[in-house]
Amino acid sequence: MSRFSPLNWPVVRQVRDGDLFARGANTESSKSKDLKGRIEDADRVVKSVCPYCAVGCGQRVYVKDEKVIQIEGDPDSPHSRGRLCPKGAASEQLVNAPGRLTEILYRAPGATEWQTLDRDTALDMVTDRFMEARKNGWQDFDEEGRPLRRTMGIAGLGGAAMDNEENYLIKKLWTASGAVQIENQARI
């Protein structure tokens, strides 16, 4: 270890070398020289949108070995201009959470155990139940014979995490299906 000397103080070195704004090598420690950014090892960068609210802030998702290693704000996004709220900044934890479900689980009525389903089977089950509820709640005419062409067997509740275009299309789907009970989380 070298002997203590005031000439080795970083401020003295800055003034001596003309580095008045502390941007030169005099202010670097040996520890900071060895540091590197979290995203330097990324294989690729994928642009995405934050899943939390309806603003649609742009994100840059850094991927290494097909695993998300970091998510940051996208400076090219007109909404957020590279900034994310605390929830958006924590998106990487949502993606890599150890308790995150990655399979479709189903528990039959009266059963005590969950079983894993493949995607096609789950979609078929949802479609069958949707169509049955629509059919069972269908109303062609009211008591006075006026045409209704609606169902009271299904209802729609949209989420604020969807953008305007998605909400528009979902509303059209529900209306075309005959549903009249359509609401959105943003209004509740």
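Per-chain numbering applies: the sequence of each chain, read as written, is numbered from 1 onward. Owing to the predicted nature of the model, reporting of local features is limited to residues with pLDDT of at least 70; listing and counting of side-chain atom pairs is limited to 80 or more, with chain, interface and lining totals taken over all residues. Computation of side-chain values covers all heavy atoms of the structure but excludes hydrogens and water.

(A) Spotlight on the overall build of the chain. When helices and strands are tallied, the chain shows six helices and eight strands. In this description a helix means any DSSP run of H or I spanning at least four residues, a strand means any run of E spanning at least two, and both kinds are numbered starting from the N terminus. Each helix (α) and strand (β) of the chain, taken in turn from the N terminus, gives the series α-α-β-β-β-α-α-β-β-α-β-β-α-β. Scaling as 2.2 N^0.38, a compact globule of 188 residues should have a C-alpha radius of gyration of about 16 Å, whereas the chain reaches 28 Å, well beyond that. Within the chain, the proportion of its 188 residues that are buried is 18%. Atoms considered for the radius of gyration are the C-alpha atoms alone. The globule rule reads 2.2 Å times the number of residues to the power 0.38. Type-normalised accessible area, obtained with a 1.4 Å probe on protein chains alone, sets the label of each residue: buried when under 20%, exposed when over 50%, and partly exposed for intermediate values.

(B) Seen up close, the packing of aromatic side chains. Whether two aromatic rings pair depends on their centres lying within 6.5 Å, for rings of Phe, Tyr and Trp, where Trp uses its six-membered ring; planes under 30 degrees apart make the pair stacked, over 60 edge-to-face, and the rest tilted. The tally for this structure, following the rule as stated, stands at one aromatic pair. The rule is short: NZ of Lys or CZ of Arg within 6 Å of the ring centre and within 35 degrees of the ring normal puts a charge over the ring. Above the face of the Trp114 ring, Arg107 is positioned so that its terminal group lies 5.5 Å from the ring centre.

(C) Examining the state of the cysteines more closely. When two cysteine sulfur atoms are found within 2.5 Å, that pair is recorded as a disulfide. In total, this model carries zero disulfides according to the counting rule given. Cysteine Cys50 is unpaired, with the sulfur of Cys85 as its nearest cysteine sulfur at 5.6 Å. Judged by its relative accessible area of 8%, Cys50 falls in the buried class.

(D) Main features of the sheet that holds strand S8 (residues 179-184). For two strands to be treated as a pair, DSSP must find at least two bridges joining them. Reading across from one edge, S6-S7-S8 is the order of the three strands in this open sheet, with mixed pairing throughout. Both outer strands of the open sheet, strand S6 (138-141) and S8, are each paired with one neighbouring strand and no more. Here the average twist between neighbouring strands, direction ignored, is 25 degrees. As defined by bridge partners, S6 adjoins strand S7 (residues 147-158) across three bridges and the pair is classed as antiparallel. Bridge assignment links Gln139 to a residue of S7, and that residue is Arg150. Note on geometry: axes are C-alpha line fits, over the in-contact stretch for helices, and angles between N-to-C directions span 0 to 180 degrees.

(E) Spotlight on the pattern of salt bridges. Any carboxyl oxygen of Asp or Glu within 4 Å of a side-chain nitrogen of Lys or Arg constitutes a salt bridge here. Counted according to the given criterion, the structure contains eight salt bridges. Two residues, Lys47 and Asp74, come together in a salt bridge whose shortest N-O distance is 3.4 Å. Taken together, the residues span a long stretch of sequence, with Lys47 in strand S1 (residues 44-49) and Asp74 in the loop between strand S3 (67-73) and helix H3 (86-89) at a distance of 27 residues. Two residues, Asp76 and Lys47, come together in a salt bridge whose shortest N-O distance is 2.9 Å. Taken together, the residues Asp76 in the loop between S3 and H3 and Lys47 in strand S1 connect sequence positions 29 residues apart. Each of the two residues, Asp76 as well as Lys47, counts as exposed. One salt-bridge network, in which partners are shared between bridges, spans Lys47, Arg60, Asp74 and Asp76.

(F) Looking closely at the sheet that holds strand S2 (residues 58-64). Taking strand neighbours across the sheet as the criterion, the three strands line up as S1-S2-S3 in an open arrangement whose pairing is antiparallel. Because the sheet does not close on itself, it has two edges, and the strands there are S1 and S3. If you compare each strand with its neighbour and ignore which way they point, the axes differ by 30 degrees on average. Two elements, S2 and S3, share six bridges in a ladder whose sense is antiparallel. Looking at the pairing, Arg60 lines up with Glu72 of S3.

(G) Structural context of the side chain of Thr151. On the secondary structure map, Thr151 appears in strand S7. Here, residues are in contact when the closest pair of their heavy atoms is within 4.5 Å. Dropping the residues within four chain positions of it, Thr151 is found in contact with Ala133, Arg134, Gly137, Trp138, Ser177, Gly178, Ala179 and Val180.

(H) Just unusual backbone geometry, in detail. With a phi angle near 60 degrees, Glu66 is a residue other than glycine that sits in the positive phi range. As for its position among the elements, Glu66 is in the loop between S2 and S3. Taking the relative accessible area as the measure of exposure, Glu66 reaches 65% and is therefore exposed. Unusually for a residue other than glycine, Arg149 sits at a positive phi of about 50 degrees. Mapped onto the elements, Arg149 comes out in strand S7.

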